[in-house]
Amino acid sequence: MANTVQSKKRARQNEKRFQINKARRSRIRTHLRKVEEAIASGDKNAATEALKNAQPELMRGVSKGVFHKNTASRKMSRLASRVKALA
């Protein structure tokens, strides 16, 4: 447990950051899940729209430090190729 004033403050800051990052990660995963569901249903228009909505959310996660840049790029690339492959 934190004893000094600065370590108590740091613990509070860490908890606050954790909650913010958790919410951001959850929102990103929700967007990605919507793309996955649209791909599974076979609806190309819905999948394209969901992908368009997910991309800025994912990149925002990168800029906020929730995801690594290459991880986000890999996810976007794979989803885009799957959406493109829909008939």
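Throughout what follows, the structure given in this document is the object of discussion. Computed from a predicted structure; not experimentally measured.

## Let's talk about a positive patch on the surface
Next, step 1: A contiguous patch of positive charge, built from Arg29, Arg74, Lys75 and Arg78, is present on the exposed surface.
Next, step 2: No other element matches the three residues that helix H3 (residues 69-85) contributes to the positive patch.
Next, step 3: Looking at the secondary structure, you find Lys75 in helix H3.
Next, step 4: Among the residues examined, Lys75 registers a relative accessible area of 32% and is labelled partly exposed.

## Digging into the pattern of salt bridges
Next, step 1: Under the criterion given, the structure shown has three salt bridges.
Next, step 2: Here Arg27 makes a salt bridge to Glu57, at a shortest N to O gap of 2.8 Å. Here Arg27, found in helix H1 (residues 5-41), pairs with Glu57, found in helix H2 (residues 44-63); they are 30 residues apart in sequence, far enough to count as distant.
Next, step 3: The class of Arg27 is partly exposed, set by a relative accessible area of 37%.
Next, step 4: In this structure Glu57 comes out as buried when scored by relative accessible area, which is 10%.
Next, step 5: Between Arg82 and Glu36 there is a salt bridge, and its shortest N-O distance comes to 3.0 Å. Placement of the pair is Arg82 in helix H3 and Glu36 in helix H1, with a sequence separation of 46 residues.
Next, step 6: Looking at Glu36, the relative accessible area reads 34%, which means it is partly exposed.
Next, step 7: Each member of the salt-bridge network shares a partner with another, and the members are Arg27, Glu57 and Arg60.

Analysis parameters
Residues numbered from 1 in each chain as written. Predicted model: local features only at pLDDT ≥ 70, side-chain atom pairs only at ≥ 80, totals over all residues. Heavy atoms only, no water. Patch = residues over 30% accessible without salt bridge, like charges linked within 9 Å, V, L, I, M, F, W, Y side chains within 5 Å. Areas by Shrake-Rupley, 256 points an atom, 1.4 Å probe, with all protein chains shown as cover. Salt bridge = Lys/Arg side-chain N within 4 Å of Asp/Glu carboxyl O. Lys, Arg positive; Asp, Glu negative; His and termini not counted. Charge placed at Lys NZ, Arg CZ, Asp CG, Glu CD. Helix = DSSP H or I, 4+ residues; strand = E, 2+ residues; numbered from the N terminus. Buried < 20%, exposed > 50% of the residue type's maximum accessible area, 1.4 Å probe, protein only.

Read these as spatial facts, not as claims about activity.
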